[in-house]
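Chain by chain, the residues:
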Amino acid sequence: MDGLRDVVAAETVLSDVDGAAGRLIIRGFTLDELVGRMSFEQACRLLLDGMFDDLPGEEGLRLRLGAARVHAFAEVSALDAELRSRPPLEAVRALTARLPDGDGLDVALALLAAPAVFTPAVIRAGRGLDPVKPDATLGHAADLLRMLNDQPPTPAEAAALDAYLVTIVDHGLNASTFAARVAASTLAGLTSAALAGVSALKGPLHGGAPGPVIDMLDGIGAPENATRWLEAALDRGDRLMGFGHGVYRVRDPRADGLKRTVQTLAAASPELPGRLRLAEAVEAAALDILKRRKPDRPLNTNVEFYTAVLLEALGFPHEAFTCVFAAGRICGWIAHAREQVLSGRLIRPSSRYVGPMPREAA
Ligand code: ACO
């Protein structure tokens, strides 16, 4: 019961996580069949199919999402000094909370656009730079990178971010998706469901891990320091970020795809090969140590480890990595929220009371 492990809380047609086999299925496709073959917009079309009566086809959805980015940009003007001083995810969440609630496709598209538009604006504000307006004609991933750097990304960079967004678009009943479904089950609306999701994503045990992965790589500095540093971290009682998973007992299938994406990018980068070598050395040392220290608990590389290396290589600051995660996962939250409303009922589990009982009347 603790942590609801193995409790089935929803039926879904959206995705299945097979923790023993290390396999993720999204609407009948394996991850390998989707990543690198489908854009983020196409993955959204796949997940949202059947969830809205007026869902357009692939090209229509791409155009509507581009228009929604332009529309969402109006909210960036609310990025005041107070919000700029907050961690990026809190600023992105606050801007997203300005969007009206509702259950229709327009609300869904505004939400899909929101983190992709707000994240680069928040990062640029932190750097003292003005926000860059969206370009509705570009692909979602390419536009996100253009809004970050105020110049078009290379095709390889755009493809890498697209691959990342598709990789993390949905993943069974993870903590943030469950939170989104609970909010949706009260008929609160899609914006409320997405805000519940983004709040649950924030913590380091879920979507907040890749930032600390970079702290770990920076702390280790060189491959030869890895074992000593990692042993010391575990001696202090720390967890190694980017390792272990609530469901996978083998390697997270998303980790391999992201590593391949980093390898592709590294071919055209002067600095990335060195960073990748460090990451590989840290990964190998961590797996070795975790196996030795926790022989009964399979602890493997999870999605967050190579996410960190990839998003760093694409120019995102590590404190904003979770915002980029939200930019992909928000599609999963919306699809699950719609599925919950269309086919589920109010989620209302029970608790077992273990506190004191009132004294019997004398
Ligand atoms: N480093 C060291 N020890 C670990 C790690 C880790 N990364 N993960 C689990 N353990 C140990 C725990 O200390 C515990 O040991 P104990 O039984 O001696 O107390 C045992 O393994 C089981 O841990 P649980 O917390 O019960 O495992 P759970 O399946 O609930 O946790 C979680 C999964 C939260 C992801 C965990 O592995 C963790 O904290 N990892 C580091 C953070 C991280 O990478 N999060 C991103 C996850 S991916 C995602 O959400 C997108």
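Everything discussed here concerns the structure shown above.
Residues numbered from 1 in each chain as written. Predicted model: local features only at pLDDT ≥ 70, side-chain atom pairs only at ≥ 80, totals over all residues. Heavy atoms only, no water.

It is worth spelling out helix 13 (residues 253–266) at this point. Here helix 13 is 14 residues long and its end C-alpha atoms lie 21 Å apart, about the 20 Å a rise of 1.5 Å per residue gives. Restricting attention to buried positions, one finds in helix 13 the residues Arg254, Ala255, Gly257, Leu258, Lys259, Thr261, Val262, Leu265 and Ala266. On the buried face of helix 13, the contacting elements are strand 2 (23–26), helix 1 (31–34), helix 8 (155–167), helix 14 (272–293), helix 15 (303–313) and helix 16 (321–343). (Helix = DSSP H or I, 4+ residues; strand = E, 2+ residues; numbered from the N terminus. Expected span 1.5 Å × (residues − 1). Buried < 20%, exposed > 50% of the residue type's maximum accessible area, 1.4 Å probe, protein only. Contact = heavy atoms within 4.5 Å.)

For the largest pocket, the calculated volume is near 1700 Å³. In terms of lining residues, the largest pocket is bounded by 47 residues, among which Arg5, Asn174, His245, Gly246 and Val247 are the most central. Partitioned by chemical class, the residues of the lining of the largest pocket number 21 nonpolar, 14 polar and 12 charged. (1 Å grid on protein atoms, 1.4 Å probe; cavity = no way out; pocket = protein on both sides within 12 Å on 5 of 7 lines; lining within 4 Å. Points joined across faces, edges and corners; volume = space filled by probe spheres on them. Nonpolar A, V, L, I, M, F, W, Y, C, P; charged D, E, K, R; others polar.)

To continue, consider the packing of helix 15 against helix 16. Relative orientation of the contacting elements helix 15 and helix 16 amounts to 105°, with a least axis distance of 11 Å. In this view, helix 15 runs roughly perpendicular relative to helix 16, as classed from their interaxial angle. Residues Glu304, Ala308, Leu311 and Glu312 of helix 15 touch helix 16, and the partners they reach there are Phe321, Val324 and Phe325. For the contact of helix 15 with helix 16, the class distribution of residues is five nonpolar, no polar and two charged. (Axes fitted to C-alpha atoms, helices over the stretch in contact; angles between N-to-C directions. Parallel < 35°, antiparallel > 145°, perpendicular 65-115°, else oblique.)

This brings us to the packing of aromatic side chains. Overall, the coordinates contain two aromatic pairs when judged by the stated rule. With centroids separated by 5.2 Å and ring planes inclined at 50°, the aromatic side chains of Phe243 and Phe305 adopt a geometry described as tilted. You can see Phe243 sitting in the loop between helix 12 (226–235) and helix 13 and its partner Phe305 sitting in helix 15, a full 62 residues away along the chain. On the numbers, 5.0 Å between centres and 85° between planes, the contact of Phe305 with Tyr306 is edge-to-face. What links up through ring pairs into an aromatic cluster is the set Phe243, Phe305 and Tyr306. (Phe/Tyr/Trp six-rings, centres within 6.5 Å; stacked < 30°, edge-to-face > 60°.)

Turning our attention to the site of the ligand. The ligand sits among 22 residues. The nearest are Arg5, Leu240, Phe243, Lys294 and Arg297. Within the contact set of the ligand, a nitrogen atom lies 2.8 Å away from a backbone nitrogen or oxygen of Phe243. Between Lys294 and the ligand, the recorded distance is 2.6 Å, taken from a side-chain N or O atom to an oxygen atom. In isolation the ligand exposes 920 Å². Once the protein is present, 74% of that is buried. (Near = heavy atom within 4 Å. Polar contact = N/O pair within 3.5 Å; in protein donor to acceptor, adjacent residues only side chain to side chain. Areas by Shrake-Rupley, 256 points an atom, 1.4 Å probe, with all protein chains shown as cover.)

Right, let's get into the pairing of strand 2. The two faces of strand 2 differ: Leu24 and Ile26 on one face are buried, but Arg23 and Ile25 on the other face are not. Summarising the sheet, strand 2 and strand 3 (residues 29–30) pair through two bridges and their orientation is antiparallel. Among the inter-strand pairings, Ile26 is bridged to a residue of strand 3, identified as Phe29. The antiparallel pairing of strand 2 with strand 3 creates a hairpin that spans two residues between the two strands, and Arg27 there sits at a positive phi of about 45°. (Pairing = 2+ DSSP bridges.)

Here we take up the environment of Pro120. Position of Pro120 among the secondary structure elements: in helix 6 (residues 105–126). For the pair Pro120 and Val92, spaced 28 residues apart in the sequence, the C-alpha separation amounts to 9.7 Å. Dropping the residues within four chain positions of it, Pro120 is found in contact with Pro115, Leu144, Met147 and Leu148.

Here we take up helix 7 (residues 140–149). With nine of 10 residues buried, helix 7 is to be regarded as a mostly interior element. Regarding helix 7, the residues found buried are His140, Ala141, Ala142, Asp143, Leu144, Leu145, Arg146, Met147 and Leu148. Contacts made by the buried residues of helix 7 are with helix 2 (40–48), helix 3 (58–72), helix 6, helix 8 and helix 16. Just downstream of helix 7, Asp150 is the residue with a positive phi angle, here 55°.

Now for the pattern of salt bridges. Applying the stated rule across the entire model yields 22 salt bridges. A salt bridge links Arg64 to Asp106, with the shortest nitrogen-to-oxygen separation between them at 2.9 Å. Linking Arg64 in helix 3 with Asp106 in helix 6, this pair joins segments that are 42 residues apart in sequence. For Asp106, a relative accessible area of 56% gives the class exposed. What you see here is one network of salt bridges that share partners, running through Glu231, Asp235, Asp288, Arg292 and Arg293. (Salt bridge = Lys/Arg side-chain N within 4 Å of Asp/Glu carboxyl O.)

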